[in-house]
Amino acid sequence: MLFLGTAAAEQFPNPFCGCETCQRTRSSGDSRDFRRRSSFRLDEETLIDFNADTLFASSQYRSPLTGLQNLFVTHMHEDHFDYWNMEFLNMSVTPCKPLQVYLSPEAAEGFSEACRLLRKAPFDQMREQFFRMEKVYELHPLPFYETVKVGEMLATPMRGRHEGFFNGEHSANFVFERPSGNVMYASDTGRFYGETLEWLQNRHLDVLVIEGSFGLMEAPYDCGHMTLQSLTETLEALYGQGTLDQSSRVYVTHIAHKGGLLHGEYERLLQERFGKQVMLAYDGLEIPETK
């Protein structure tokens, strides 16, 4: 398991921003403070989210996508799914099988309709690229809280509070039940819905990857991103119901500059409350399998 990126949409620091946090980051000597947009390699065959930074990150961290078969998309914002970069599967000398793309029904419907509209545009080169790209992926809509078997694992999407581009689209936070351990990836989630906590009630997570986008910011209860406060309350609920225990490892990702915290500052606050098993993720961090 490998973090190819751990930032929110604008990267960290935001290249266009001169706020105190971005300025402090630019003068930081800690490489963990510099973050690409979030993407996570679950294993050789499975990637969660695919953005414009994913391609270079896969090269930098020596994690080629040659064995990639499955792409789980949390939602259709551009920092989580960059459709145009899928064209590069057609540029591979070695053959690539169609990528199996798993996403919410609303995301699948909206994305398909957007593609249909763009194919009608009076631009020959664009239309030709669309027709080529249709061969490199297959969409698999996954309703929330319904489990599907993908290879040797079971995958179940949880409904997040974060809204996507398309009508009725909410983020999908995936639970993967695997022979090597259970993993949940919850990016762009906001506070967990009661139905998510209920689904997790009798299940144990070996690894939880969860967003902590807004750090010290104040945000409304139903915000589509976590602050340090809402993240703390969510983790306390998961520990309280036994979904997490002292053997679980928690990694906080999708960090935004608006949260006001550099890597060491944020991780220190988390570990003062929860101990060393809760860590702030960083680009290039590799997680060993649990079993």
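Reading the values: the criteria
- Numbering of residues begins from 1 in every chain and follows the order in which that chain's sequence is written.
- Totals for whole chains, interfaces and linings use all residues, but because this is a predicted model, local features are given only for residues with pLDDT of at least 70 and pairs of side-chain atoms are given and counted only at 80 or more.
- Neither water nor hydrogens contribute to the side-chain values; these are computed over all heavy atoms in the structure.
- Under the DSSP-based scheme used, a helix requires at least four consecutive residues in state H or I and a strand at least two consecutive residues in state E, with every element numbered from the N terminus.
- Contacts described as polar in this section are N or O atom pairs within 3.5 Å, which, within protein, must combine one atom able to donate a hydrogen with one able to accept it, while residues neighboring in sequence count only if both atoms come from side chains.
- What makes two residues a contact is simply this: any of their non-hydrogen atoms within 4.5 Å.
- Paired strands, as defined in this entry, are two strands with at least two bridges between them according to DSSP.
- For helices, the fitted line uses only the C-alpha atoms of the stretch in contact; every axis is such a line through C-alpha atoms, and the angle between N-to-C directions lies from 0 to 180 degrees.
- Pairing of aromatic side chains here covers Phe, Tyr and the six-membered ring of Trp, requires ring centres within 6.5 Å, and sorts the geometry by plane angle: under 30 degrees stacked, over 60 edge-to-face, intermediate tilted.
- Exposure classes here rest on a 1.4 Å probe applied to the protein chains alone. A residue is buried below 20% of its type maximum, exposed above 50%, and partly exposed in between.

K.L.:
Hey, could you go over the side chain of Arg-119 for me, with residue numbers and the actual values?
P.N.:
Looking at the secondary structure, you find Arg-119 in helix 3 (residues 105-119). Within the structure, the side chain of Arg-119 is placed 2.7 Å from the side chain of Glu-134, a separation counted as a polar contact. Excluding residues that lie within four positions of it along the chain, Arg-119 makes contacts with Arg-127, Phe-130, Phe-131 and Glu-134.

K.L.:
Give me the lowdown on the sheet that holds strand 11 (residues 207-211), citing residues and values where you can.
P.N.:
Ordered by their spatial adjacency, seven strands build an open sheet running 7-8-9-10-11-12-13, and the pairing between neighbours is mixed. Among the strands making up the open sheet, the edge pair consists of strand 7 (148-150) and strand 13 (278-280). Geometrically, the sheet is characterised by an average inter-axis angle of 25 degrees between neighbouring strands, direction not taken into account. Set on the sheet, helix 6 (residues 228-240) makes contact with strand 11, strand 12 (249-253) and strand 13; between it and strand 11 the angle comes to about 155 degrees. Taken strand by strand, helix 7 (residues 263-274) contacts strand 12 and strand 13, and its axis lies near 170 degrees from that of strand 13.

K.L.:
Explain the sheet that holds strand 4 (residues 70-72) to me, using residue names and the numbers behind them.
P.N.:
Strand order in the open sheet formed by six strands is 1-2-3-4-5-6, with mixed pairing between adjacent strands. Unpaired on one side and paired on the other, strand 1 (2-5) and strand 6 (137-141) mark the two borders of the sheet. Averaged over all pairs of adjacent strands, the angle between their axes in this sheet comes to 25 degrees, without regard to strand direction. Against the sheet, helix 3 contacts strand 5 (99-103) and strand 6, and its axis sits at roughly 140 degrees relative to strand 6.

K.L.:
Let's hear about the packing of aromatic side chains: which residues, and what values?
P.N.:
Tallied over the full model, the rule gives 17 aromatic pairs. Look at Phe-3 and Tyr-251: their rings are 6.0 Å apart centre to centre, the planes differ by 50 degrees, and that puts the pair in the tilted class. Residue Phe-3 is located in strand 1, and its partner Tyr-251 is located in strand 12; the two are separated by 248 residues in the primary sequence. Judged by relative accessible area, which is 4%, Tyr-251 ranks as buried. Ring plane angle 65 degrees and centroid distance 5.8 Å describe the contact between Tyr-83 and Trp-84, whose orientation is recorded as edge-to-face. Under the relative-accessibility criterion, Tyr-83 is labelled buried at 7%.

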